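Each chain is listed here by its residues.
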2 protein chains.
Amino acid sequence: MARKASLSGFPELLPQERVVENHVLDVLRHTFELHGFSSVETRSVETIDQLLQKGEIDKEVYAVSRLQEDPDTKKAEKLALHFDLTVPFARYVVENAGYLNFPFMRYQIQKSWRGERPQEGRAREFTQADIDVVGEESLPFRYDVELALIVVDALTRLPIPEFKLRVNNRKLSEGFYRGIGLSDTAGVLRSIDKLDKIGPDAVGQLLKDELGATDEQVRAALNLASITAEDTSFAEKVRAFGVEDELLDQGLAELTEVIEEASKRAPGKVIADLSIARGLDYYTGTVYETVLVGHEQLGSICSGGRYESLASTGKKTYPGVGLSIGVTRLVSRILSQDLARPTRKVPSAVLVALTNDEAWSAAQDVAEHLRSRGIACEVSANAAKFGKQIKYADRRGIPFVWFLGTDDAGNTTHEVKDIRSGEQVAVDPSTWNPPEKDLHPRVVAGED
Amino acid sequence: MARKASLSGFPELLPQERVVENHVLDVLRHTFELHGFSSVETRSVETIDQLLQKGEIDKEVYAVSRLQEDPDTKKAEKLALHFDLTVPFARYVVENAGYLNFPFMRYQIQKSWRGERPQEGRAREFTQADIDVVGEESLPFRYDVELALIVVDALTRLPIPEFKLRVNNRKLSEGFYRGIGLSDTAGVLRSIDKLDKIGPDAVGQLLKDELGATDEQVRAALNLASITAEDTSFAEKVRAFGVEDELLDQGLAELTEVIEEASKRAPGKVIADLSIARGLDYYTGTVYETVLVGHEQLGSICSGGRYESLASTGKKTYPGVGLSIGVTRLVSRILSQDLARPTRKVPSAVLVALTNDEAWSAAQDVAEHLRSRGIACEVSANAAKFGKQIKYADRRGIPFVWFLGTDDAGNTTHEVKDIRSGEQVAVDPSTWNPPEKDLHPRVVAGED
């Protein structure tokens, strides 16, 4: 990752870096499946019409067209690369509703593309890992709690620093704003969303200038946003404002349910943070963001929320709740800060050395034995001097070199050398196993 | 797959179909790693200049541009989606040569895009699994044998019918043509490549019309192409023509080495087939194609060959040998012909039922126990009637439903029901395991 991408915003990893990325992807997939979620992929392209339904972000979209495209191609058929996995998933659910079982629990790990200015944590091609539950017409609130716990489980298994999943509830915020007389609740949310970037004074000024808020309203909105808690004590703090609103009550009850269960199952990892607004419009209840402690400037590594209508066919609506993990953002941070590294860069645990060129087939026999027990290995392509073959293994980090020989009675002998310790012992190809820790490349904590 | 894609040429799978695709991808990855190959991914886009270097296929290329792209974007910076993984890999090798160990053994499983007319076995967005070894300046011939054996190992592990990996050698064919006086050897190869499509008579006419071949030359070229053998007997048949050519001798020796070792290690699966030409220009020795027996009209599901110069920096050349497996082509055939199917469509082995709404947290405790032992499970979101919860599991193919209860002494009881047999037994959440066959969805042979 220290290398410069040859095309800005389109990073490519070296094999040893890819070991780390694959580890992250494997952990996410494994965790999502443990929680019962199915894998789905959608096509990389959508019609431009479909992508731009929500407006605003047309600048970021990559259009796709055949070099020799028929100039009569209808506008409705024009294609573009998807910029997230939510819009394609919504379309997939509507198109395939008749084939799916609801609530439909799926994860989706794929690339997306945005033509934004590249910077750390923001690439033009990037991998997201999304996990959502979608209901038909309705979806129990319990999933808002469960989804938070699933991503906590997943993130806890990754080689990353401590993290905080910060949770708020749109109903709580919007009900509160309404209760203090700020009727453009979406406008307030958009301003509050800028707190991290521009600070409370500037946000207060925005509220006054754009929404005509009074000093008192500004103070109340900012005070609400300053509330955080690892337990349900946030609710008393909100009630202390004395604001009366039905939506506020509903939001308080929902957020209390999330924090109550989460603080029990994942103490210190899920916190109520009433500054979380999420810019996007479609969230209607719970909203999530996640920061890596000590890496706050990286931005959120996992965000999402509840939407009352992810998709709708006119006849039916599909409410859902989900989160999206920024895999590329996480992996680039892990690599650039050496938070984790692989124990070796190749899969092979063993290099089977060649004594002479005729021994290649016998060496392949040994390799077959090892592979049948799940031990990754390769056979030297040349009968170079043993020192050279050992050096070949060493450069790749392959821990063991296997030597075939012949004893006085003409029988084939087998010895394996741990090239780290130099220890060499006689072994049987049908029973030898490397120590468990050397079987596969592992991802371990980097140096601090 | 029976469903029509909502965008022609861009197929999307249902969750149960995706189980089959993931199985195929997992098997390929596992096998490639067992043989010591590292995972690499390249970006999805290349510059158009880079992609069109080899000419010819511009019609198939999908250009990519930001919707709001600066009209001054230089032509050299225009982007397109890659149409295979070879061109991007060649660029990757040259760019990163200083960071790689040669011979560099990598596999790459990614999507590619081609704007061709969609038909079965040919999608506009498709997944390829490529495996290549690349040397710096030179690469031992042994890898031509090894790569054939690796893909045989991989394909043998897949839920597909019998297959034949057909091997030829460009040096053999070109030397032979030269030896019988046909100097435009590339032209002959291009015509011979059409044998499967247009038959020997039409190919003979092409050779006469386009290359001015005599009847005798046509007969010799077609006779050579008719030679197939499961062992090295093909060599005698070629020698019987009495053609003298140094390149021919070299090709014969190379193909003999591949078939000799392969017929020993994979009897009946690798055959010499002297009709294999491979249209693409960059192959310089061994060429491979693979057909599924009984599905020949699907085309080759795994092709490749040896190239003396995959990439070149002017200073250095990087010879290689590799093959590409058409994953989308294989998976769509598996699904459309019901060659294999998943034992269930969701990861969950267990549904933890809810006795009442207050039991949710206790049910999550059970789920945590199970997940800590790698058992995928989910918890009901609603305390519906047990019959309804069992129906929920049944629709998804979840084999076990877990019930919590309370005994007379007020202790929590646990029972698990196999909903296929109806058998229900008392169990301990900290020790119970499903039978191995029910732990994960498996992919099994479909009905014939």
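Being a predicted model, the structure only gives us computed values, none of them experimental.

(A) Examining helix 10 (residues 246–265) of chain A more closely. Relative to the 28 Å expected for 20 residues at 1.5 Å per residue, helix 10 of chain A spans 29 Å between its end C-alpha atoms, a close match to the ideal helical length. Of the residues making up helix 10 of chain A, those classed as buried are Leu-248, Gly-251, Leu-252, Glu-254, Leu-255, Val-258, Ile-259, Glu-261 and Ala-262 of chain A.

(B) Molecular detail of the domain arrangement of chain A. By the assigned domains, chain A splits into domain 1 (15–42 + 85–342) and domain 2 (350–442). Just the C-alpha atoms count here: the centres of domain 1 of chain A and domain 2 of chain A sit 50 Å apart.

(C) Structural detail: helix 1 (residues 15–34) of chain B. Residue and element names in this part refer to chain B. Under the 1.5 Å per step criterion, the end-to-end length of helix 1 is 28 Å for 20 residues, consistent within 8% with the ideal 28 Å. With 14 of 20 residues buried, helix 1 lies mostly within the body of the structure. Looking one or two residues past helix 1, Gly-36 carries a phi angle of roughly 90 degrees, positive in sign.

(D) Focus on the sheet that holds strand 12 (residues 317–326) of chain B. Residue and element names in this part refer to chain B. Ordered by their spatial adjacency, nine strands build an open sheet running 1-5-6-12-11-10-7-9-8, and the pairing between neighbours is mixed. Edge positions in the sheet fall to strand 1 (38–39) and strand 8 (228–229), since each of these pairs with one other strand and no more. Strands in contact with helix 5 (residues 170–179) are strand 7 (163–169) and strand 10 (286–292); relative to strand 7, the strand with the most contacts, it is inclined by about 50 degrees.

(E) The environment of Ala-229 of chain B, seen in detail. All names here are of chain B. With respect to the helices and strands, the residue Ala-229 is situated in strand 8. Note on Ala-229: 16 C-beta atoms within 10 Å, which makes it partly exposed. Excluding residues that lie within four positions of it along the chain, Ala-229 makes contacts with Phe-234, Ile-271 and Ala-272.

(F) Inspection of the sheet that holds strand 12 (residues 317–326) of chain A at higher detail. Residues and elements named next belong to chain A. Taken in spatial order, the nine strands line up as 1-5-6-12-11-10-7-9-8 in an open sheet, and their pairing is mixed. The two strands at the open ends of the sheet, each matched to only one other strand, are strand 1 (38–39) and strand 8 (228–229). Sheet topology note: the strand 5 (residues 104–113)/strand 6 (residues 125–134) ladder contains 10 bridges and is antiparallel. From the neighbouring strand, Phe-104 faces strand 6, where its bridge partner is Val-134. Against the sheet, helix 1 (residues 15–34) engages strand 5, strand 6 and strand 12, with an angle of about 160 degrees to strand 5.

(G) Expanded view of the packing of helix 1 of chain A against helix 11 (residues 327–336) of chain A. Residues and elements named next belong to chain A. Where helix 1 contacts helix 11, the two axes come as close as 10 Å, and the packing angle between them is 135 degrees. When the interaxial angle is binned, helix 1 and helix 11 end up oblique. Crossing of helix 1 over helix 11 shows right-handed handedness. Here helix 1 contributes Glu-17, Val-20, Glu-21, Val-24 and Leu-25 to the contact with helix 11, which in turn contributes Val-327, Leu-330, Val-331, Ile-334 and Leu-335.

(H) Local environment of the interface of chain A and chain B. With 60 residues of chain A at the interface, the matching set in chain B holds 60 residues. Split into classes, the residues belonging to the side of chain A that touches chain B amount to 25 nonpolar, 16 polar and 19 charged. Pairing geometry for strand 3 (residues 62–66) of chain A and strand 3 (residues 62–66) of chain B, over five bridges, is antiparallel. Residue pairing in the sheet places Ala-63 of chain A in a bridge with Ser-65 of chain B of strand 3 of chain B.

(I) Representation of the relation of the copies chain A and chain B in the model. Of the two same-sequence chains, chain A is brought onto chain B (RMSD 0.0 Å, axial shift 0.0 Å) by a rotation of 180 degrees. As the rotation angle and translation indicate, the two copies are arranged about a two-fold axis. Among all C-alpha atoms of chain A, that of Val-64 of chain A lies closest to the rotation axis, at 2.4 Å. Here 100% of the contact residues of chain A are again contact residues in chain B; the copies associate through an equivalent surface.

(J) Highlighting the packing of helix 4 (residues 142–156) of chain A against helix 10 of chain A. Residues and elements named next belong to chain A. The contact between helix 4 and helix 10 brings their axes to 9 Å, and the two run at 35 degrees. Relative to helix 10, the crossing made by helix 4 is right-handed. Taken together, the residues of helix 10 that come into contact with helix 4 (itself represented by Asp-144, Val-145, Ala-148 and Leu-149) are Glu-254, Glu-257, Val-258, Glu-261, Ala-262 and Arg-265. The class makeup of the residues in the contact of helix 4 with helix 10 is five nonpolar, no polar and five charged.

(K) Molecular detail of the nonpolar core. One finds Ala-148 and Val-151 of chain A together with Ala-148 and Val-151 of chain B to be the most contacted residues of the largest nonpolar core, which totals 202 residues. Contacts of Val-151 of chain A, omitting those with residues within four sequence positions, involve Ile-131, Leu-165, Cys-302, Leu-323 and Ile-325 of chain A.

(L) Summary view of the pairing of strand 16 (residues 400–406) of chain A. Residues and elements named next belong to chain A. Of the pairings in the sheet, the one linking strand 14 (residues 350–352) to strand 16 comprises three bridges and is parallel in character. By the bridge assignment, Val-350 is partnered in strand 16 with Phe-400. Bridge count for strand 16 against strand 17 (residues 412–418) is seven bridges, and the pairing is antiparallel. Paired with Leu-404 across the strands is His-414, a residue of strand 17.

Rules used in this analysis
- Residues numbered from 1 in each chain as written.
- Chains lettered and ligands numbered in written order.
- Predicted model: local features only at pLDDT ≥ 70, side-chain atom pairs only at ≥ 80, totals over all residues.
- Helix = DSSP H or I, 4+ residues; strand = E, 2+ residues; numbered from the N terminus.
- Expected span 1.5 Å × (residues − 1).
- Buried ≥ 20, exposed ≤ 12 C-beta atoms within 10 Å, placed from the backbone.
- Domains from an automatic or database assignment.
- Pairing = 2+ DSSP bridges.
- Contact = placed C-beta atoms within 7 Å.
- Axes fitted to C-alpha atoms, helices over the stretch in contact; angles between N-to-C directions.
- Parallel < 35°, antiparallel > 145°, perpendicular 65-115°, else oblique.
- Left-handed = near helix turned anticlockwise from the far one by under 90°.
- Nonpolar A, V, L, I, M, F, W, Y, C, P; charged D, E, K, R; others polar.
- Least-squares fit on C-alpha atoms with pLDDT ≥ 70 in both.
- Core = buried A, V, L, I, M, F, W, Y, C linked by C-beta atoms within 7 Å.

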